[in-house]
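# Chain and residue survey
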Amino acid sequence: MLVSTALPVPPDGLSRLPQPQQPTKELPKMERGLSFTTGNAFYRRESAVGRDLSVLAAIAYKREHGQLRALDALCGCGVRAMRYLVQASADFVWANDACDHLRPGILDNLRAVAPPSCSSCPTERWKVSTQDANKLLLGCYLADDYYDLIDVDSHGSNSVFFGSALAALKRGGLVYVTSTDGFSCSKRPYNALASYGTFTRRLPFINEIGLRMVIAGVVREAATRNLRMRPLFSHYSAHGPVFRIMLRMEHGELDLRTNYGFIAHCSECGAFQSVSWDELGQTSACSCSKKNTYTGPIWIGPLHNIAYLQTMSRVAKELNWIASPGFDMKKLDPETSKLTEVLDVMLEESNPALPCGYIGLHEIASRGKIPTPRRDTLTRGLQKEGYVVSRSQIEPNSLKTNASVAECIHVAQQLFALQHDKLSIQS
Ligand SMILES: [Zn+2]
């Protein structure tokens with residue numbers, strides 16, 4: 001919010017004369033107890049949960065490895081850099097943004113939380129630069145200056161930073177990538193192909209496709225360097241939309257055979273399934289005899305690492321950033337409520353029995369010619385039949401399950417018939 005400090009207008013007609021431009025004073029913003037200003041930098045309050053998640057991942061990393069050097073390549077006002085420095089106790093943070101006019105604001109924000117160095121901490125704690133992010137990252141690589149965490153909060157479907165971020169990433173390090181392009185996962189398949197190497201079709205779960213195509217882009221780029229990258233968590237936020245994924249460089253063979261493939265979909269009956277490269281050509285027809293369409297190549301592995309998410313949840317609980325199980329969510333402040341729900345649902349989604357995609361309750365109703373089922377009722381019905389079910393962080397009005405679309409419709413129809421019979425008896 002901007003507060004005008006202009007003088008009151010005099011009542012003598014002088015207000016028609018040009019008035020000297022008065023400076024405006026910005027009220028500081030707060031995020032998890034830290035005060036900062038944004039100036040002219042792009043900032044969205046709604047993205048705070050994405051920053052909470054990356055800070056929790058950074059804290060977990062520091063506890064595991066004993067050190068944390070973070071580089072925020074497109075830092076905006078510097079709020080993420082501040083949070084890595086203070087909340088994740090980063091040993092060093094490099095805050096960079098290509099916009100030179102943001103430098104004073106970034107410096108003010110960082111100086112407010114820690115001196116760049118001092119007599120008791122002679123090692124440099126942070127620095128600010130205003131370079132092109134690719135030049136900066138490749139410069140780090142050329143200088144053998146590698147980072148534990150690289151945050152790339154880019155705009156649109158800009159994947160040009162993937163290669164340079166991987167080049168500057170320490171072995172075992174984390175990279176936090178971004179897409180804000182909600183069209184590539186549905187309406188602009190050739191844009192997705194250019195940016196991430198994935199040809200997208202319009203599937204019922206397009207925003208999960210959005211996360212998976214970004215992961216695929218990083219995995220493919222890493223594979224050219226014989227590096228394995230896997231997601232620790234994948235977060236979708238509708239307000240941008242914003243697709244943010246934290247990936248970790250891991251030891252081991254590339255998993256292109258098992259986790260990088262295709263998703264087949266039948267628009268006739270709604271069935272969908274993951275398809276590996278070895279299975280291509282064997283699934284061209286759906287069981288209903290219609291032809292499948294294919295999206296890919298795309299990440300078909302897990303969206304989250306359950307062990308890492310459990311650690312992040314424990315850290316969040318220690319910090320009082322989330323509520324205990326069973327706490328009345330209506331009594332929580334919005335940021336605690338949101339993060340509690342996001343982490344809970346991500347943990348549910350991490351069940352290894354769950355396949356790609358989610359099934360919308362409206363689709364079940366439409367195909368089954370029944371009223372839209374209640375999510376909790378259908379969940380219990382499917383679980384009673386032995387299926388694994390979770391909520392989806394992307395679409396609240398849907399389910400993730402290892403039951404097929406046809407099986408979901410069948411169970412929903414049975415539940416509806418049962419309810420209808422009960423009402424008939426009562427009347
Ligand atoms: Zn079909």
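Residues numbered from 1 in each chain as written. Predicted model: local features only at pLDDT ≥ 70, side-chain atom pairs only at ≥ 80, totals over all residues. Heavy atoms only, no water.

## What about the domain arrangement of the protein chain?
For the record, the criterion: Note that domain bounds follow an automatic or database assignment of domains. Contacts are residue-level and defined by heavy atoms, with any inter-residue pair within 4.5 Å sufficient. By convention, the term buried area covers the 1.4 Å-probe accessible surface removed from two parts as they join, with the contributions of both added. Every case where a carboxyl oxygen of Asp or Glu lies within 4 Å of a side-chain nitrogen of Lys or Arg is listed as a salt bridge.
Domain parsing of the protein chain yields domain 1 (35–299) and domain 2 (358–427). On a C-alpha basis, the centres of domain 1 and domain 2 stand 34 Å from each other. On the domain 2 side, the residues contacting the 15 residues of domain 1 number eight residues. Buried area between domain 1 and domain 2, both sides added, is near 890 Å², and the carbon and sulfur share of it is 48%. Looking at the side of domain 1 facing domain 2, the largest losses of area belong to Glu-208, Tyr-236 and Phe-272, adding up to 39% of the total buried there. Counting the contacts that link domain 1 with domain 2 gives one salt bridge. Here Lys-400 and Glu-208 are joined by a salt bridge, their closest N and O atoms 2.9 Å apart.

## Section: the sheet that holds strand E5 (residues 69–72)
For clarity, the threshold we go by: Two strands are counted as paired when DSSP detects at least two bridges linking them. Labels follow the DSSP assignment, with helices taken as runs of H or I lasting at least four residues and strands as runs of E lasting at least two, numbered in each case from the N terminus. As a rule, the C-alpha atoms of each element are fitted with a line to give its axis, helices using only the stretch in contact, and angles between N-to-C directions run from 0 to 180 degrees.
Across the sheet, which stays open at both edges, the seven strands sit in the order E7-E6-E5-E8-E9-E11-E10 with mixed pairing between neighbours. Two strands close off the open sheet at either side, each with one partner strand: strand E7 (126–129) and strand E10 (228–237). Strand after strand, the sheet turns through a mean of 15 degrees between neighbouring axes, direction not considered. Judged from the four bridges that link them, strand E8 (residues 147–151) and strand E9 (residues 169–179) form a sheet pairing that is parallel. Bridge pairing in E9 links Ile-150 to Val-175. Sheet strands in contact with helix H3 (residues 103–111) are strand E6 (92–96) and E7, and its direction is about 170 degrees off that of E7. Contacts from helix H4 (residues 133–142) reach E5, E6, E7 and E8, with the element oriented near 150 degrees to E6.

## With respect to the coordination of the zinc ion
Note the following rule: Any nitrogen, oxygen or sulfur atom within 2.8 Å of a metal ion counts as a donor, with the limit raised to 3.2 Å for Na, K and Ca, and since water is left out, coordination shells can look unfinished. Irregular is the label for any site that misses the other tests, which are tetrahedral for four donors with all angles between 85 and 135 degrees, and square planar for four donors or octahedral for six when opposite donors exceed 155 degrees and the remaining angles lie between 65 and 115. Each residue is placed in one exposure class: buried if its accessible area under a 1.4 Å probe, protein chains only, is under 20% of its type's maximum, exposed if it is over 50%, and partly exposed if it falls in between.
For the zinc ion, every protein donor is listed as Cys-266 (SG), Cys-269 (SG), Cys-286 (SG) and Cys-288 (SG), and the spread of their distances is 2.3 Å. Its four donor atoms give the zinc ion angles of 99 to 120 degrees at the centre, a pattern that matches the tetrahedral case. Motif for the zinc ion, donor spacing along one chain: C-x2-C-x16-C-x1-C. The exposure class assigned to Cys-286 is buried, which follows from its relative accessible area of 10%.

## Focus on unusual backbone geometry
Here the bond from Gly-240 into Pro-241 is cis, since omega is 0 degrees, no more than 30 degrees from zero. Relative to the helices and strands, Pro-241 resides in the loop between E10 and strand E11 (242–250). Here the amide bond leading from Gly-296 into Pro-297 is cis, since omega sits at -10 degrees, within 30 degrees of zero. With respect to the helices and strands, the residue Pro-297 is situated in strand E14 (residues 293–299). Positioned with a positive phi, Asp-144 is a non-glycine residue whose angle comes to about 55 degrees. Along the polypeptide, Asp-144 turns up in the loop between H4 and E8.

## Focus: the pairing of E8
Along a regular strand, successive side chains alternate from one face of the sheet to the other. As a reminder, the rule being used: If the strands point away from the viewer and the path from the first strand over the helix to the second runs clockwise, then the crossover is right-handed.
Of all five residues in E8, five are buried; the element is thus mostly enclosed. Where E5 and E8 come together, three bridges link them in parallel fashion. The residue bridging Asp-72 from the neighbouring strand is Asp-151, located in E8. Between the parallel pair E8 and E9, the chain is carried across by helix H5 (residues 161–167), and the sense of this crossover is right-handed.

## Let's talk about a nonpolar patch on the surface
Note the threshold: Patch building starts from residues that exceed 30% relative accessible area and form no salt bridge, then joins like charges within 9 Å and nonpolar side chains (Val, Leu, Ile, Met, Phe, Trp, Tyr) within 5 Å. The method behind every accessible area is Shrake-Rupley, applied with a 1.4 Å probe, and residues are considered shielded solely by the protein chains displayed.
A cluster of nonpolar side chains, contributed by Leu-138, Tyr-141 and Leu-142, occupies part of the molecular surface with about 330 Å² of accessible area. Within the element layout of this structure, Leu-142 appears in helix H4. Given the relative accessible area of 69%, Leu-142 is considered exposed.

## A word on the layout of surface pockets
Under the convention used in this document: The way it works is a 1 Å grid over only the protein atoms, where trapped points that fit a 1.4 Å probe form a cavity and open points with protein on both sides within 12 Å along at least five of seven lines form a pocket, and then any residue with an atom within 4 Å of a point lines it. Grid points are joined across faces, edges and corners, and a volume is the space filled by probe spheres set on the points. Just so you know the grouping, Ala, Val, Leu, Ile, Met, Phe, Trp, Tyr, Cys and Pro go in nonpolar, Asp, Glu, Lys and Arg go in charged, and all remaining residues, Gly too, go in polar.
When its volume is computed, the largest pocket comes out at roughly 740 Å³. Lining the largest pocket are 36 residues, and of these Phe-42, Leu-74, Arg-80, Asp-153 and Ser-154 sit closest to its centre. Counting residues per element, the lining of the largest pocket draws most heavily on helix H1 (residues 48–65), at three residues. When the residues that make up the lining of the largest pocket are grouped by side-chain class, the tally is 15 nonpolar, 13 polar and eight charged.

## Quick word on the environment of Leu-347
Position of Leu-347 among the secondary structure elements: in helix H10 (residues 334–349). Since its relative accessible area comes to 23%, Leu-347 is described here as partly exposed. For the pair Leu-347 and Lys-290, spaced 57 residues apart in the sequence, the C-alpha separation amounts to 35 Å. Leu-347 has contacts with Ile-306, Leu-309, Gln-310 and Ser-313, leaving out every residue within four places of it along the chain.

## Comments concerning the packing of aromatic side chains
As a reminder, the rule being used: Classification of ring pairs uses Phe, Tyr and Trp, with its six-membered ring standing for Trp, and accepts pairs whose centres are within 6.5 Å; under 30 degrees between planes counts as stacked, over 60 as edge-to-face, and the remaining range as tilted.
As enumerated under the stated definition, the model contains 11 aromatic pairs in all. Note on Phe-92 and Tyr-147: the rings are 6.5 Å apart at their centroids and 35 degrees apart in plane angle, and the pair reads as tilted. A residue pair is termed long-range when its members are at least 10 positions apart, and Phe-92 in strand E6 and Tyr-147 in strand E8 qualify at 55 residues. Comparing Phe-92 with Tyr-147 shows no difference in burial state: the two are buried. Plain terms: the ring middles of Phe-262 and Trp-277 are 4.8 Å apart, the flat faces sit at 75 degrees to each other, and that makes the pair edge-to-face.

## Things to note about the packing of helix H6 (residues 189–196) against helix H7 (residues 206–223)
What counts here: Should an angle fall under 35 degrees it is called roughly parallel, over 145 degrees roughly antiparallel, and 65 to 115 degrees roughly perpendicular, with every other angle called oblique.
Running from amino to carboxyl end, H6 crosses H7 at an angle of 30 degrees, the nearest separation of the two axes being 9 Å. The pairing of H6 with H7 is recorded here as roughly parallel in orientation. Note on element contacts: H7 touches H6 through Met-213, Val-214, Ala-216, Gly-217 and Arg-220, opposite Ala-192, Ser-195 and Tyr-196. By residue class, the composition of the contact of H6 with H7 is five nonpolar, two polar and one charged.

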